[in-house]
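Here's the letter readout for the chains.
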Amino acid sequence: SIGDLQWIADAYTLPFAAMLLPAAALGDRLGRRAVFLAGIAAFIAASAACALATTAGALMAARAVQGAGGAVVVTLSLMLLVTSVPPGQRAVAIGVLSGFNGLGIAIGPVLGGVVVQGLDWTWIFWLNVPVGLAAVVLARTLLAESHGPPVRLDPAGMLLLAAAIFALVWGVVQAPVHGWTSGRVLGAVGSGAVLATVFVGWELRARSPMLSVTLFRSRAFSLVNSLAFTLNVGVFGSIFLLAQFFQVVQGHDPLQAGLRTLPCSLAPLIAGPAAGLLVNRWGAVRLILAGQAMVVIACCWMAAVFSTDVAYSVLVAPFLLAGIGLGVSYPPISTLAIDAAPPDAEGMAIGTNSTVRELGVAVGVAVLVSIFASNGAYTRALFVDGLTPALFTAAAVVALGLGLAL
(Lines give C-alpha, C1' and ligand atoms only; values in the text may rest on other atoms or scores of the structure.)
Protein backbone atom coordinates (compact mmCIF):
# COMPACT_ATOMS: atom_id res chain seq x y z
CA SER A 1 0.00 0.00 0.00
CA ILE A 2 0.98 3.67 -0.19
CA GLY A 3 1.35 3.68 3.59
CA ASP A 4 3.69 0.68 3.45
CA LEU A 5 5.73 2.34 0.71
CA GLN A 6 6.16 5.50 2.77
CA TRP A 7 7.30 3.52 5.81
CA ILE A 8 9.74 1.48 3.72
CA ALA A 9 11.40 4.81 2.89
CA ASP A 10 11.04 6.33 6.36
CA ALA A 11 12.32 3.18 8.09
CA TYR A 12 15.72 4.05 6.61
CA THR A 13 15.57 7.83 7.07
CA LEU A 14 14.66 7.87 10.76
CA PRO A 15 17.51 5.69 12.15
CA PHE A 16 19.92 7.29 9.68
CA ALA A 17 19.21 10.78 11.03
CA ALA A 18 19.18 9.64 14.66
CA MET A 19 22.53 7.78 14.48
CA LEU A 20 24.78 10.34 12.75
CA LEU A 21 26.06 12.09 15.88
CA PRO A 22 26.16 8.96 18.10
CA ALA A 23 28.22 7.28 15.34
CA ALA A 24 30.84 10.03 15.64
CA ALA A 25 30.99 9.56 19.42
CA LEU A 26 31.35 5.78 19.09
CA GLY A 27 34.13 6.23 16.53
CA ASP A 28 36.04 8.59 18.79
CA ARG A 29 35.86 6.16 21.71
CA LEU A 30 36.02 2.69 20.13
CA GLY A 31 38.14 3.42 17.06
CA ARG A 32 36.99 5.07 13.85
CA ARG A 33 38.09 2.28 11.51
CA ALA A 34 36.57 -0.40 13.74
CA VAL A 35 33.21 1.36 13.94
CA PHE A 36 33.34 2.16 10.20
CA LEU A 37 33.82 -1.55 9.42
CA ALA A 38 30.99 -2.46 11.78
CA GLY A 39 28.73 0.02 9.96
CA ILE A 40 29.56 -1.50 6.57
CA ALA A 41 28.98 -5.01 7.92
CA ALA A 42 25.58 -3.99 9.31
CA PHE A 43 24.67 -2.38 5.99
CA ILE A 44 25.66 -5.54 4.04
CA ALA A 45 23.68 -7.85 6.32
CA ALA A 46 20.66 -5.56 6.26
CA SER A 47 20.81 -5.29 2.46
CA ALA A 48 20.68 -9.08 2.16
CA ALA A 49 17.77 -9.15 4.62
CA CYS A 50 15.95 -6.52 2.51
CA ALA A 51 16.38 -8.63 -0.62
CA LEU A 52 15.11 -11.76 1.17
CA ALA A 53 12.12 -10.01 2.81
CA THR A 54 8.75 -11.52 1.98
CA THR A 55 6.56 -9.03 3.88
CA ALA A 56 6.45 -5.25 4.13
CA GLY A 57 7.15 -5.48 7.88
CA ALA A 58 10.30 -7.53 7.36
CA LEU A 59 11.50 -5.09 4.72
CA MET A 60 10.90 -2.12 7.04
CA ALA A 61 12.86 -3.78 9.86
CA ALA A 62 15.80 -4.52 7.58
CA ARG A 63 15.69 -0.99 6.20
CA ALA A 64 15.96 0.38 9.75
CA VAL A 65 19.20 -1.55 10.30
CA GLN A 66 20.39 -0.32 6.91
CA GLY A 67 19.75 3.26 8.00
CA ALA A 68 21.77 2.86 11.20
CA GLY A 69 24.66 1.28 9.28
CA GLY A 70 24.48 3.98 6.63
CA ALA A 71 24.75 6.71 9.27
CA VAL A 72 27.92 5.10 10.64
CA VAL A 73 29.47 4.88 7.17
CA VAL A 74 28.63 8.47 6.22
CA THR A 75 29.93 10.00 9.45
CA LEU A 76 33.03 7.86 9.90
CA SER A 77 34.13 8.16 6.25
CA LEU A 78 34.54 11.92 6.67
CA MET A 79 36.22 11.52 10.07
CA LEU A 80 38.70 8.98 8.68
CA LEU A 81 39.41 11.28 5.74
CA VAL A 82 40.05 14.33 7.94
CA THR A 83 42.44 12.43 10.21
CA SER A 84 44.39 10.95 7.28
CA VAL A 85 45.49 14.21 5.61
CA PRO A 86 47.41 17.27 6.87
CA PRO A 87 45.24 20.28 7.84
CA GLY A 88 46.44 22.21 4.79
CA GLN A 89 45.07 19.53 2.44
CA ARG A 90 41.74 19.10 4.20
CA ALA A 91 39.73 21.30 1.87
CA VAL A 92 40.99 19.46 -1.22
CA ALA A 93 40.30 16.05 0.35
CA ILE A 94 36.78 17.05 1.39
CA GLY A 95 36.22 18.40 -2.13
CA VAL A 96 37.25 15.06 -3.64
CA LEU A 97 34.97 13.20 -1.21
CA SER A 98 32.11 15.53 -2.16
CA GLY A 99 32.81 14.74 -5.81
CA PHE A 100 32.54 11.01 -5.21
CA ASN A 101 29.36 11.55 -3.20
CA GLY A 102 28.02 13.43 -6.20
CA LEU A 103 28.97 10.53 -8.45
CA GLY A 104 27.04 8.16 -6.20
CA ILE A 105 24.01 10.44 -6.28
CA ALA A 106 24.27 10.60 -10.08
CA ILE A 107 24.61 6.84 -10.56
CA GLY A 108 21.90 5.91 -8.04
CA PRO A 109 18.73 6.90 -9.95
CA VAL A 110 20.10 5.63 -13.27
CA LEU A 111 21.26 2.29 -11.85
CA GLY A 112 18.00 1.99 -9.92
CA GLY A 113 16.05 2.44 -13.14
CA VAL A 114 18.15 -0.17 -14.94
CA VAL A 115 17.73 -2.69 -12.12
CA VAL A 116 13.99 -2.21 -11.65
CA GLN A 117 13.25 -2.41 -15.38
CA GLY A 118 15.79 -5.05 -16.40
CA LEU A 119 16.14 -7.37 -13.41
CA ASP A 120 14.10 -7.46 -10.22
CA TRP A 121 13.59 -4.98 -7.36
CA THR A 122 15.54 -7.22 -4.97
CA TRP A 123 18.72 -6.57 -6.95
CA ILE A 124 18.67 -2.98 -5.68
CA PHE A 125 19.74 -4.57 -2.38
CA TRP A 126 21.79 -7.53 -3.63
CA LEU A 127 24.14 -5.12 -5.45
CA ASN A 128 25.17 -3.68 -2.07
CA VAL A 129 26.60 -7.01 -0.91
CA PRO A 130 29.64 -7.40 -3.23
CA VAL A 131 30.32 -3.65 -3.11
CA GLY A 132 30.20 -3.72 0.70
CA LEU A 133 32.46 -6.77 0.93
CA ALA A 134 35.01 -5.08 -1.32
CA ALA A 135 34.82 -1.98 0.89
CA VAL A 136 35.52 -4.08 3.99
CA VAL A 137 38.64 -5.61 2.39
CA LEU A 138 39.92 -2.22 1.23
CA ALA A 139 39.21 -0.54 4.57
CA ARG A 140 40.97 -3.27 6.56
CA THR A 141 43.95 -3.14 4.21
CA LEU A 142 44.41 0.58 3.64
CA LEU A 143 42.92 2.52 6.54
CA ALA A 144 44.79 3.24 9.74
CA GLU A 145 42.96 3.18 13.06
CA SER A 146 42.41 6.48 14.85
CA HIS A 147 40.65 7.60 18.02
CA GLY A 148 39.29 10.81 19.45
CA PRO A 149 39.95 12.11 22.95
CA PRO A 150 40.05 9.31 25.57
CA VAL A 151 36.70 10.14 27.17
CA ARG A 152 33.90 7.96 28.48
CA LEU A 153 30.88 7.26 26.33
CA ASP A 154 27.68 9.17 27.06
CA PRO A 155 24.94 6.54 26.63
CA ALA A 156 22.22 8.72 28.17
CA GLY A 157 23.10 11.57 25.80
CA MET A 158 23.09 9.18 22.83
CA LEU A 159 19.64 7.84 23.69
CA LEU A 160 18.19 11.30 24.32
CA LEU A 161 19.55 12.72 21.06
CA ALA A 162 18.50 9.69 19.02
CA ALA A 163 14.99 9.85 20.47
CA ALA A 164 14.74 13.62 19.88
CA ILE A 165 15.86 13.42 16.25
CA PHE A 166 13.68 10.36 15.62
CA ALA A 167 10.59 12.18 16.93
CA LEU A 168 11.35 15.40 15.05
CA VAL A 169 12.05 13.68 11.72
CA TRP A 170 9.05 11.37 12.11
CA GLY A 171 6.78 14.35 12.69
CA VAL A 172 8.21 16.22 9.72
CA VAL A 173 7.95 13.33 7.25
CA GLN A 174 4.35 12.66 8.34
CA ALA A 175 3.32 16.30 7.86
CA PRO A 176 2.64 16.17 4.09
CA VAL A 177 0.33 13.17 4.61
CA HIS A 178 -1.57 14.16 7.75
CA GLY A 179 -1.14 17.96 7.80
CA TRP A 180 1.10 20.17 9.90
CA THR A 181 -1.68 20.81 12.44
CA SER A 182 -2.66 17.16 12.94
CA GLY A 183 -2.37 15.71 16.42
CA ARG A 184 0.25 13.10 15.50
CA VAL A 185 2.52 15.62 13.79
CA LEU A 186 2.26 18.24 16.54
CA GLY A 187 2.71 15.54 19.17
CA ALA A 188 5.83 14.14 17.49
CA VAL A 189 7.43 17.53 16.87
CA GLY A 190 6.54 18.69 20.38
CA SER A 191 7.98 15.51 21.91
CA GLY A 192 11.13 15.97 19.84
CA ALA A 193 11.49 19.55 21.04
CA VAL A 194 11.08 18.49 24.67
CA LEU A 195 13.60 15.67 24.28
CA ALA A 196 16.04 18.04 22.55
CA THR A 197 15.72 20.47 25.47
CA VAL A 198 16.34 17.66 27.97
CA PHE A 199 19.34 16.56 25.87
CA VAL A 200 20.87 20.05 25.97
CA GLY A 201 20.36 20.22 29.73
CA TRP A 202 21.97 16.80 30.17
CA GLU A 203 24.97 17.68 27.99
CA LEU A 204 25.59 20.89 29.95
CA ARG A 205 25.94 18.80 33.11
CA ALA A 206 27.51 15.62 31.72
CA ARG A 207 31.11 14.88 32.69
CA SER A 208 31.90 13.57 29.18
CA PRO A 209 29.25 15.05 26.86
CA MET A 210 28.64 13.52 23.46
CA LEU A 211 28.01 17.02 22.08
CA SER A 212 29.67 19.99 23.71
CA VAL A 213 27.00 22.68 23.55
CA THR A 214 29.78 25.27 23.89
CA LEU A 215 30.66 24.58 20.23
CA PHE A 216 27.70 26.77 19.30
CA ARG A 217 29.25 29.75 21.06
CA SER A 218 31.41 30.00 17.95
CA ARG A 219 29.59 32.24 15.47
CA ALA A 220 31.31 30.48 12.57
CA PHE A 221 30.20 27.03 13.74
CA SER A 222 26.60 28.10 14.36
CA LEU A 223 26.27 29.94 11.05
CA VAL A 224 27.89 27.28 8.90
CA ASN A 225 25.50 24.66 10.29
CA SER A 226 22.61 27.02 9.57
CA LEU A 227 23.84 27.28 5.97
CA ALA A 228 24.03 23.49 5.67
CA PHE A 229 20.43 23.26 6.90
CA THR A 230 18.95 25.90 4.58
CA LEU A 231 20.85 24.58 1.56
CA ASN A 232 19.58 21.04 2.07
CA VAL A 233 16.02 22.24 2.71
CA GLY A 234 15.96 23.99 -0.65
CA VAL A 235 17.91 21.49 -2.72
CA PHE A 236 16.63 18.08 -1.66
CA GLY A 237 13.00 19.14 -1.51
CA SER A 238 13.36 20.37 -5.09
CA ILE A 239 15.14 17.23 -6.32
CA PHE A 240 12.36 15.06 -4.89
CA LEU A 241 9.72 16.93 -6.88
CA LEU A 242 11.78 17.23 -10.08
CA ALA A 243 12.23 13.46 -10.25
CA GLN A 244 8.44 13.09 -10.00
CA PHE A 245 7.87 15.66 -12.78
CA PHE A 246 9.61 13.61 -15.45
CA GLN A 247 7.55 10.52 -14.62
CA VAL A 248 4.13 11.95 -13.69
CA VAL A 249 3.95 14.80 -16.22
CA GLN A 250 6.13 13.74 -19.13
CA GLY A 251 5.55 9.99 -18.87
CA HIS A 252 9.18 8.85 -18.66
CA ASP A 253 10.13 5.59 -16.99
CA PRO A 254 12.44 5.59 -13.90
CA LEU A 255 15.58 5.09 -16.01
CA GLN A 256 14.75 7.98 -18.35
CA ALA A 257 13.90 10.20 -15.38
CA GLY A 258 17.22 9.34 -13.74
CA LEU A 259 19.15 10.16 -16.91
CA ARG A 260 17.49 13.56 -17.09
CA THR A 261 18.74 14.51 -13.62
CA LEU A 262 22.39 13.77 -14.54
CA PRO A 263 23.38 17.40 -15.35
CA CYS A 264 22.47 18.41 -11.79
CA SER A 265 23.94 15.36 -10.07
CA LEU A 266 27.13 14.94 -12.12
CA ALA A 267 28.25 18.58 -11.91
CA PRO A 268 29.38 18.27 -8.24
CA LEU A 269 31.79 15.51 -9.32
CA ILE A 270 33.86 18.20 -11.02
CA ALA A 271 32.87 21.27 -9.01
CA GLY A 272 33.53 19.65 -5.60
CA PRO A 273 37.25 18.90 -6.08
CA ALA A 274 37.68 22.24 -7.88
CA ALA A 275 36.17 24.04 -4.88
CA GLY A 276 38.57 22.18 -2.57
CA LEU A 277 41.52 23.37 -4.63
CA LEU A 278 40.24 26.96 -4.63
CA VAL A 279 39.43 27.26 -0.90
CA ASN A 280 42.94 28.32 0.09
CA ARG A 281 43.17 30.80 -2.80
CA TRP A 282 39.73 32.40 -2.81
CA GLY A 283 38.56 31.67 0.72
CA ALA A 284 35.74 29.43 1.91
CA VAL A 285 33.26 32.28 2.42
CA ARG A 286 33.50 33.53 -1.17
CA LEU A 287 32.94 30.02 -2.51
CA ILE A 288 29.91 29.50 -0.25
CA LEU A 289 28.43 32.83 -1.36
CA ALA A 290 29.00 31.99 -5.03
CA GLY A 291 27.60 28.47 -4.68
CA GLN A 292 24.46 29.51 -2.85
CA ALA A 293 23.85 32.35 -5.29
CA MET A 294 24.01 29.82 -8.14
CA VAL A 295 21.46 27.57 -6.43
CA VAL A 296 19.08 30.51 -5.81
CA ILE A 297 19.31 31.61 -9.45
CA ALA A 298 18.86 28.04 -10.70
CA CYS A 299 15.71 27.46 -8.59
CA CYS A 300 14.15 30.74 -9.78
CA TRP A 301 15.16 29.94 -13.37
CA MET A 302 13.51 26.51 -13.20
CA ALA A 303 10.37 27.92 -11.59
CA ALA A 304 10.09 30.44 -14.43
CA VAL A 305 10.49 27.98 -17.33
CA PHE A 306 8.71 24.83 -16.14
CA SER A 307 5.54 23.92 -17.98
CA THR A 308 3.76 20.70 -18.79
CA ASP A 309 5.40 20.48 -22.23
CA VAL A 310 8.76 22.12 -21.45
CA ALA A 311 11.57 20.83 -23.66
CA TYR A 312 14.37 19.11 -21.79
CA SER A 313 16.95 21.29 -23.54
CA VAL A 314 15.48 24.33 -21.72
CA LEU A 315 16.20 22.69 -18.34
CA VAL A 316 19.79 21.59 -18.92
CA ALA A 317 21.36 24.99 -18.14
CA PRO A 318 19.58 25.58 -14.78
CA PHE A 319 20.22 21.94 -13.83
CA LEU A 320 23.94 22.43 -14.49
CA LEU A 321 23.99 25.72 -12.58
CA ALA A 322 22.33 24.11 -9.56
CA GLY A 323 24.77 21.19 -9.64
CA ILE A 324 27.80 23.49 -9.85
CA GLY A 325 26.41 25.59 -7.00
CA LEU A 326 26.07 22.48 -4.82
CA GLY A 327 29.55 21.28 -5.68
CA VAL A 328 31.03 24.67 -4.85
CA SER A 329 29.10 25.01 -1.56
CA TYR A 330 29.47 21.70 0.24
CA PRO A 331 33.29 21.34 0.61
CA PRO A 332 33.87 24.78 2.18
CA ILE A 333 30.83 24.32 4.46
CA SER A 334 32.31 21.06 5.80
CA THR A 335 35.78 22.59 6.05
CA LEU A 336 34.53 25.60 8.04
CA ALA A 337 32.47 23.38 10.38
CA ILE A 338 35.57 21.32 11.23
CA ASP A 339 37.96 24.28 11.43
CA ALA A 340 35.61 26.16 13.78
CA ALA A 341 35.86 23.36 16.37
CA PRO A 342 38.84 22.68 18.67
CA PRO A 343 41.06 19.74 17.59
CA ASP A 344 39.62 17.47 20.28
CA ALA A 345 36.05 18.14 19.11
CA GLU A 346 36.40 17.50 15.37
CA GLY A 347 34.35 14.29 15.59
CA MET A 348 31.55 16.21 17.32
CA ALA A 349 31.72 18.89 14.62
CA ILE A 350 31.46 16.35 11.79
CA GLY A 351 28.60 14.47 13.46
CA THR A 352 26.73 17.70 14.18
CA ASN A 353 27.10 18.97 10.62
CA SER A 354 25.95 15.62 9.19
CA THR A 355 22.93 15.58 11.51
CA VAL A 356 21.93 19.14 10.61
CA ARG A 357 22.17 18.30 6.90
CA GLU A 358 19.94 15.25 7.30
CA LEU A 359 17.38 17.29 9.23
CA GLY A 360 17.47 19.74 6.32
CA VAL A 361 16.73 16.93 3.86
CA ALA A 362 13.74 15.72 5.89
CA VAL A 363 12.36 19.22 6.47
CA GLY A 364 12.94 20.23 2.85
CA VAL A 365 11.04 17.31 1.38
CA ALA A 366 8.18 17.72 3.88
CA VAL A 367 7.83 21.50 3.48
CA LEU A 368 8.12 21.62 -0.30
CA VAL A 369 5.80 18.64 -0.78
CA SER A 370 3.26 20.38 1.50
CA ILE A 371 3.51 23.58 -0.57
CA PHE A 372 3.22 21.52 -3.74
CA ALA A 373 0.12 19.71 -2.45
CA SER A 374 -1.52 23.01 -1.42
CA ASN A 375 -1.23 24.39 -4.97
CA GLY A 376 -1.19 21.36 -7.29
CA ALA A 377 -1.56 17.59 -7.49
CA TYR A 378 0.21 14.48 -8.79
CA THR A 379 -1.52 14.73 -12.17
CA ARG A 380 -0.22 15.89 -15.53
CA ALA A 381 -2.57 18.87 -15.60
CA LEU A 382 -1.91 20.22 -12.10
CA PHE A 383 1.67 19.16 -11.32
CA VAL A 384 3.35 22.37 -12.51
CA ASP A 385 0.82 24.45 -10.51
CA GLY A 386 2.35 22.98 -7.36
CA LEU A 387 5.94 22.72 -8.61
CA THR A 388 6.38 26.43 -9.38
CA PRO A 389 5.62 27.82 -5.88
CA ALA A 390 7.63 24.97 -4.34
CA LEU A 391 10.70 25.94 -6.39
CA PHE A 392 10.30 29.63 -5.50
CA THR A 393 10.07 28.61 -1.83
CA ALA A 394 13.27 26.57 -2.22
CA ALA A 395 14.98 29.63 -3.70
CA ALA A 396 13.78 31.79 -0.78
CA VAL A 397 15.11 29.32 1.82
CA VAL A 398 18.54 29.09 0.16
CA ALA A 399 18.53 32.88 -0.19
CA LEU A 400 18.01 33.08 3.59
CA GLY A 401 21.21 31.05 3.98
CA LEU A 402 22.92 33.35 1.51
CA GLY A 403 21.90 36.31 3.64
CA LEU A 404 23.35 34.63 6.74
CA ALA A 405 26.59 34.00 4.88
CA LEU A 406 26.78 37.66 3.83
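Just above sits the structure.
Cut-offs applied
Residues numbered from 1 in each chain as written. Predicted model: local features only at pLDDT ≥ 70, side-chain atom pairs only at ≥ 80, totals over all residues. Heavy atoms only, no water. Salt bridge = Lys/Arg side-chain N within 4 Å of Asp/Glu carboxyl O. Buried < 20%, exposed > 50% of the residue type's maximum accessible area, 1.4 Å probe, protein only. Helix = DSSP H or I, 4+ residues; strand = E, 2+ residues; numbered from the N terminus. Phe/Tyr/Trp six-rings, centres within 6.5 Å; stacked < 30°, edge-to-face > 60°. Patch = residues over 30% accessible without salt bridge, like charges linked within 9 Å, V, L, I, M, F, W, Y side chains within 5 Å. Areas by Shrake-Rupley, 256 points an atom, 1.4 Å probe, with all protein chains shown as cover. Axes fitted to C-alpha atoms, helices over the stretch in contact; angles between N-to-C directions. Parallel < 35°, antiparallel > 145°, perpendicular 65-115°, else oblique. Left-handed = near helix turned anticlockwise from the far one by under 90°. Contact = heavy atoms within 4.5 Å. Nonpolar A, V, L, I, M, F, W, Y, C, P; charged D, E, K, R; others polar.

Draft legend 1. Spotlight on the pattern of salt bridges. Per the counting criterion, the structure on display carries 2 salt bridges. Notably, a salt bridge pairs arginine 32 with aspartate 28, separated by 2.7 Å at the nearest N-O pair. Since its relative accessible area comes to 11%, aspartate 28 is described here as buried. Close ionic contact of aspartate 309 with arginine 380 constitutes a salt bridge, the shortest N to O distance being 2.8 Å. On the criterion of sequence distance, the pair formed by aspartate 309 in the loop between helix 12 (284-305) and helix 13 (312-339) and arginine 380 in the loop between helix 14 (346-375) and helix 15 (383-405) is long-range, its members being 71 residues apart. Here aspartate 309 falls in the exposed class, since its relative accessible area comes to 60%.

Draft legend 2. Representation of the packing of aromatic side chains within the structure. Counted according to the given criterion, the structure contains 9 aromatic pairs. With centroids separated by 6.2 Å and ring planes inclined at 85°, the aromatic side chains of tryptophan 121 and phenylalanine 125 adopt a geometry described as edge-to-face. Taking the relative accessible area as the measure of exposure, tryptophan 121 reaches 39% and is therefore partly exposed. Taking relative accessible area as the criterion, phenylalanine 125 reaches 8% and is therefore assigned buried.

Draft legend 3. Structural view of a nonpolar patch on the surface. Together, Ile107, Leu111, Val114, Leu119, Trp123 and Leu127 make up a nonpolar patch on the protein surface, roughly 530 Å² of accessible area in all. Here the element with the most residues in the nonpolar patch is helix 4 (residues 90-118); it accounts for 3 residues. Along the polypeptide, leucine 119 turns up in the loop between helix 4 and helix 5 (123-126). Residue class for leucine 119 comes out exposed when judged on its relative accessible area of 57%.

Draft legend 4. Quick look at the packing of helix 3 (residues 56-84) against helix 14. Remark: helix 3 packs on helix 14, axes separated minimally by 10 Å, with the N-to-C direction vectors making an angle of 140°. Relative to helix 14, the element helix 3 lies oblique. Crossing of helix 3 over helix 14 shows right-handed handedness. Residues Thr75, Leu78, Met79 and Val82 of helix 3 form the contact with helix 14, whose participating residues are Glu346, Gly347, Ile350, Gly351 and Ser354. Residues of the contact of helix 3 with helix 14, tallied by class, amount to 4 nonpolar, 4 polar and 1 charged.

Draft legend 5. Region of interest: the packing of helix 12 against helix 13. At a minimum axis separation of 7 Å, helix 12 and helix 13 run at an interaxial angle of 150°. Taken together, the axis directions place helix 12 and helix 13 in an arrangement best described as roughly antiparallel. The way helix 12 lies across helix 13 gives a crossing that is left-handed. A breakdown of the residues in the contact of helix 12 with helix 13 according to their chemical character gives 23 nonpolar, 4 polar and no charged.

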